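The residues making up each chain are set out below.
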Number of protein chains: 2
Amino acid sequence: MTEVSSISRKEQVIRVAAELFREKGYVAASMRDLAQKLGIEAASLYSHIKSKEEILHVLCFDMAKDFMASLEKVESKQNLTASERLQQGIIGHVEVMAKDLTASAVFMNEHRHLSQPFLRDFLLLRINYINRFKLMIEAGMANGEFKKTIDKKLAVMTLFSSLNWMPLWYDPTSAIEPAVLGKQLSDMLVNGLKQNPT
Amino acid sequence: MTEVSSISRKEQVIRVAAELFREKGYVAASMRDLAQKLGIEAASLYSHIKSKEEILHVLCFDMAKDFMASLEKVESKQNLTASERLQQGIIGHVEVMAKDLTASAVFMNEHRHLSQPFLRDFLLLRINYINRFKLMIEAGMANGEFKKTIDKKLAVMTLFSSLNWMPLWYDPTSAIEPAVLGKQLSDMLVNGLKQNPT
DNA sequence: AATACAAACTAACACGCGTTAGTAAAACAC
DNA sequence: GTGTTTTACTAACGCGTGTTAGTTTGTATT
């Protein structure tokens, strides 16, 4: 290799593909579109990748791995209140997303076009991730920190909806840092919009 | 027509198409798939619809019309607090979605495959709808009902994320009614997860 | 200079796509 | 009963799809 510092051509292909998949959706994005964006012929792509789906696979599972790693880091911490743990989980999630908003958008919107058995694997990972956030919320309800009146499924789904749509409106050039955004988001979900009477 | 009570064949085609578009996505769903679901040949579809996109157009804009009508009803009410108005807006939105979860999912996920100028029209409607919810939140911040510390864009985007993902997890056969769900959702966003000190 | 490898090319493949043209049969209205 | 409308059919169109085979070019290593 000429320069050790530069990313491989394969990574470059995948990165440009992510942008394309985000813009047009996985199915509507053609390999010829992708090749054009890279300034090469469509057939040349196959010197770097095995198939179109391999790109999607890499994008989805790389993101999944990062999300999992972030969550495990939070889970390993001791002596946190439920609010704190939830907040740190949310901040971690936002930070992972912010590191690659394009891949995050693909991860969120296009994973369903994975074929079996990868789709099954992906969905199992996802369920697992969500359930571990659900446990945080349940812990808060159990120790009186959170209300018990709110439906758990609603709570966790609202949380994930909020998180997962972020790539669609978050401006990466904005001054606001991911950690701050995550904090604001968790504050909103935990404390609500209403003025506190304190 | 033989029976006035039965829906037209065109409506039937669109309804089945909605299910298909939801399952596979608009681009991945082929007219041959759709025809098979209806037990006819693909070419026969064109006795009822002008094009594949017409189906998407009808699905998206019919939903948009319902959302707008619901919002206008809430806006016309007098003497409501910001919380009440927001809650009723949310309940209305949930009710419209619950009336046709399939079309709602298509509306949310597939609208981007509309071609111009329909896509532009659609996005303008959507921005307008979101802005009117934003006004409700701003009114609450202005009169001291809501905190001013929360970023408005974050607040309204969190709201819409939560709302729009509902079709992906809401179980239409569940005992919980749309109005109740909407109420819980608005309660969560307004008051938060945390136990109130009252 | 010889070798190895990465990265691109041209040409083509089989296939599925949305859609049109023209037609046939059934169900309706009068 | 005749004319009209609805609903479906068969056959085919041009085009875009992901992908392959085989080859060439340039660069880096020995």
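Before any of the text, the structure's been laid out above.
A brief look at the structure comes next. Bear in mind the structure is a predicted one, so any value in this text is a computation, not a measurement. (Residues numbered from 1 in each chain as written. Chains lettered and ligands numbered in written order. Predicted model: local features only at pLDDT ≥ 70, side-chain atom pairs only at ≥ 80, totals over all residues. Heavy atoms only, no water.)

**With respect to the pattern of salt bridges**
All names here are of chain A. Where we set the bar: Salt bridges are identified by distance alone: a Lys or Arg side-chain nitrogen within 4 Å of an Asp or Glu carboxyl oxygen. Counting from the N terminus, the helices are DSSP H or I runs at least four residues long and the strands are E runs at least two residues long. Three exposure classes are used, based on accessible area relative to the maximum for each residue type with a 1.4 Å probe and protein chains only: buried under 20%, partly exposed in between, and exposed over 50%.
All chains considered together, the criterion is met by 20 salt bridges over all chains. With a closest N to O distance of 3.6 Å, Glu-19 and Lys-37 form a salt bridge. Taken together, the residues Glu-19 in helix α1 (residues 9-24) and Lys-37 in helix α2 (residues 31-38) connect sequence positions 18 residues apart. The exposure class of Glu-19 is partly exposed, given its relative accessible area of 37%. Ionic contacts of the salt-bridge type, sharing partners, join the residues Lys-10, Lys-50 and Glu-54 into one network.

**A look at the interface of chain A and chain B**
Quoted interface sizes are often the accessible area lost when the parts come together. Put simply, the rule is: Every residue pair with non-hydrogen atoms within 4.5 Å of one another is taken to be in contact. Two parts placed together each lose some accessible area under a 1.4 Å probe, and adding up what both lose gives the buried area. Two N or O atoms count as a polar contact when they lie within 3.5 Å, although within protein this holds only if one can serve as hydrogen donor and the other as acceptor, and sequence-adjacent residues are included solely when both atoms are side-chain atoms. Three classes are used, and their members are as follows: Ala, Val, Leu, Ile, Met, Phe, Trp, Tyr, Cys and Pro are nonpolar, Asp, Glu, Lys and Arg are charged, and the others, Gly among them, are polar.
Tallying the contact residues gives 43 residues for chain A and 43 residues for chain B. For the pair chain A and chain B, the summed buried area comes to about 4100 Å², and 62% of that belongs to carbon and sulfur atoms. Two residues, A:Asp187 and B:Lys147, come together in a salt bridge whose shortest N-O distance is 3.9 Å. Applying the counting criterion to the chain A and chain B interface returns 7 residue pairs in polar contact (both at pLDDT 80 or more). Listed by contribution, the elements that provide at least two residues to the side of chain A that touches chain B are α1, α4 (82-99), α5 (101-110), α7 (152-169) and α8 (178-191) of chain A. Its residues assigned to classes, the side of chain A that touches chain B shows 19 nonpolar, 12 polar and 12 charged.

**Details of the packing of aromatic side chains**
Convention followed: The rule is short: rings of Phe, Tyr and Trp, with Trp giving its six-membered ring, pair when the centres are within 6.5 Å, and they are stacked under 30 degrees, edge-to-face over 60, tilted in between.
On inspection of all chains with the given rule, the structure shows 16 aromatic pairs over all chains. The interplanar angle of 50° and the centroid separation of 5.9 Å between the aromatic rings of B:Phe67 and B:Tyr129 together place this pair among those described as tilted. One end of the pair, B:Phe67, is in helix α3 (residues 52-75); the other, B:Tyr129, is in helix α6 (residues 118-142), and 62 residues separate them in sequence. For B:Tyr129, a relative accessible area of 6% gives the class buried. Cluster of aromatic residues (ring-pair linked, three or more members): A:Phe61, A:Phe67, A:Phe107, A:Phe122, A:Tyr129, A:Phe133 and A:Phe160.

**Considerations on unusual backbone geometry**
Residues and elements named next belong to chain A. The linkage connecting Gln-116 with the following residue, Pro-117, adopts the cis geometry, with an omega of 5°. Position of Pro-117 among the secondary structure elements: in the loop between α5 and α6 (118-142). Phi is positive for Asn-79, which is not a glycine, with a value near 55°. By the secondary structure assignment, Asn-79 is in the loop between α3 (52-75) and α4. In this structure Asn-79 comes out as exposed when scored by relative accessible area, which is 77%.

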